[in-house]
Amino acid sequence: MLRSIVFVFLALITTPVSAQERRPSHCIAIADAAPGMEYVQLANWQSPVPQYAVRISYIAHASFLLQTEGGLTAVTDFTGFLGTAPLIPDIVTMNHAHETHWTAFPDPAIPHVLEGWGPFGEGIDHYLDLGEMLVRNVSTDIRSDFSGIEPNGNSIFVFEVAGLCIGHLGHLHHVPDYAQFAALGRLDVVMAAVDGGTTMSLPEMMQVLRRLKSSVVIPMHWFSGYSLNAFLAGIGNEFDIRRDGVSSIEVSLRNLPDRPTVVVLEPRYLRPDE
């Protein structure tokens, strides 16, 4: 009897109790999606994130703020400026195709600065596990001003959090190969550049998105309504389109749409009074 009590006690004290452990993701397996998708414009981007959800806010250009239930914050393609709000993200990712996707002087108070490139041609590997969120990357090539192509000079960053796989394609310049698609796995949400030329042509980007089969596609890197509207027109037969004038959405496994959906977010810098 005493042995049984001791066993139960040891089991209890060794069981993780943190509410912010990462919910297992399914990057490789295609999950069943619940019908419908609900999201609202948030009056305050600083409000708590609902349970088992991730808030994604479009800041500008290719920068997004990801917020978790436990309070972790990550910013993609960080340029050093998020707005007037005094936010110090926990994680920032960067790509160096252009100065609008990185900064040489990130705030030293940022705990984790992940550059999407390494020594020329070698790329870099990231696998940052913060418990509630795991951040990893898949290297791709970019066009270079010096040699035509810089192998592995760009990174697609993947955020595994709340059971979701969220991918940011960065300054992608080519259709990924089979190994790169395999490394990415199943992305529930993907941010994709739709400028139609500076990164990739629209037909090529749509080819990538068809291959990924993500439940939610968020356009980014659009310089005018022309390229965005051309993208929406080209993919509208295969994807639902949602454009409600919001800058943020909250996504969870339970509210992924049952049909691939393009969700257009309006860029908005962070302000302390919102």
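Throughout this description, residue numbers start from 1 for each chain and increase along the sequence as written. Local features are withheld for residues below a pLDDT of 70 in this predicted model, meaning they are given only at 70 or higher, and side-chain atom pairs are given and counted only at 80 or more; totals for whole chains, interfaces and linings count all residues. Water and hydrogen atoms were dropped before computing side-chain values, which therefore reflect all heavy atoms in the structure.

As named in an unreviewed UniProt entry, the protein is MBL fold metallo-hydrolase, taken from Ruegeria sp. PrR005.

**Q** Explain the pattern of salt bridges to me, please; I cannot follow it from the model alone.
**A** Pairs may arise between side chains of opposite charge once their charged atoms sit close together. Note on definitions: salt bridges are taken to be side-chain nitrogens of Lys or Arg within 4 Å of carboxyl oxygens of Asp or Glu. Inspection of every chain in the model, using the stated rule, returns seven salt bridges. With a closest N to O distance of 2.8 Å, Arg136 and Glu160 form a salt bridge. A residue pair is termed long-range when its members are at least 10 positions apart, and Arg136 in strand 7 (residues 133-144) and Glu160 in strand 8 (residues 148-161) qualify at 24 residues. A relative accessible area of 12% means that Arg136 is categorised as buried. Residue exposure (1.4 Å probe, protein chains only): buried if accessible area is under 20% of the type maximum, exposed if over 50%, otherwise partly exposed. Overall, Glu160 belongs to the buried group, its relative accessible area being 12%. Here Arg210 ties to Glu238 by a salt bridge, and the two come within 2.8 Å at their closest N and O atoms. In this pair, Arg210 is assigned in helix 3 (residues 202-212) and Glu238 in the loop between helix 4 (225-235) and strand 12 (240-242), connecting sequence segments 28 residues apart. Runs of H or I in DSSP of at least four residues are treated as helices and runs of E of at least two as strands, each being numbered from the N terminus.

**Q** Please clarify how the pairing of strand 4 (residues 91-94) should be interpreted in this entry.
**A** A regular strand carries its side chains on alternate faces of the sheet. Of the two faces of strand 4, the one holding Ile91 and Thr93 and the one holding Val92 and Met94 are both buried throughout. Two strands pair if DSSP finds at least two bridges between them. Relative to strand 4, strand 3 (residues 73-75) runs parallel, the two sharing two bridges. Across the sheet, residue Val75 finds its bridge partner in strand 4, namely Val92. As paired strands, strand 4 and strand 5 (residues 112-115) are joined by four bridges and run parallel to one another. For Ile91, the partnering residue across the bridge sits in strand 5 and is His112.

**Q** When you look at the sheet that holds strand 7 in this model, what are you seeing that I'm missing?
**A** Two strands in a sheet stick together by hydrogen bonds in their backbones, pointing the same way (parallel) or opposite ways (antiparallel). Spatially, eight strands are ordered 6-7-8-9-10-11-14-12 in an open sheet, and the strand pairing comes out mixed. Whereas interior strands pair on both sides, the edge strands pair on one side only; in this sheet they are strand 6 (127-129) and strand 12. Strand-to-strand, the axes of this sheet are offset by a mean angle of 25°, without reference to chain direction. As paired strands, strand 8 and strand 9 (residues 164-168) are joined by five bridges and run antiparallel to one another. Bridged to Glu160 within strand 9 is Cys165. Under this scheme, a helix contributes an axis fitted over its contacting stretch, all axes are lines through C-alpha atoms, and angles between N-to-C directions fall in the 0 to 180 degree range.

**Q** Is there a simple way to explain the sheet that holds strand 5 in this structure?
**A** The mixed open sheet is built from six strands, whose spatial order is 5-4-3-2-1-13. Every interior strand has two partners, whereas the edge strands, strand 5 and strand 13 (248-252), have only one. On average, each strand axis in the sheet is inclined to that of its neighbour by 20°, with strand direction left out of account. Examined bridge by bridge, strand 1 (residues 53-60) and strand 13 share five bridges and lie antiparallel to one another. In the sheet register, Ile56 faces strand 13, and the bridge partner there is Ile249.

**Q** Teacher, can you tell me more about unusual backbone geometry here?
**A** Across residues other than glycine, the phi torsion is negative in most instances, and most of the peptide bonds are trans. The backbone of Tyr52 shows a phi angle near 60°, a positive value even though the residue is not glycine. In this structure, Tyr52 sits in the loop between helix 1 (2-14) and strand 1. The exposure class assigned to Tyr52 is partly exposed, which follows from its relative accessible area of 37%. Positive phi, close to 60°, is recorded for His61, a residue that is not glycine. With respect to the helices and strands, the residue His61 is situated in the loop between strand 1 and strand 2 (63-68). On the basis of relative accessibility, which here comes to 23%, the residue His61 falls in the partly exposed class.

**Q** Any chance you could explain helix 4 here in plain terms?
**A** Residues that lie three or four places apart on an α-helix share one face, since the helix turns once every 3.6 residues. What helix 4 keeps buried is the set Ser227, Leu228, Phe231, Leu232 and Ile235. Down the axis of helix 4, the buried set is contained in an arc of 135°. They therefore lie on one face. Exposed and oriented more than 90 degrees from the buried face of helix 4 are Tyr226 and Ala233. It only takes one pair of heavy atoms within 4.5 Å for two residues to be counted as in contact. Of the surrounding secondary structure, the elements contacted by the buried residues of helix 4 are helix 3, strand 11 (216-220), strand 12 and strand 14 (261-263). Within this analysis, the arc is defined by the directions that extend from the helix axis to the C-beta atoms.

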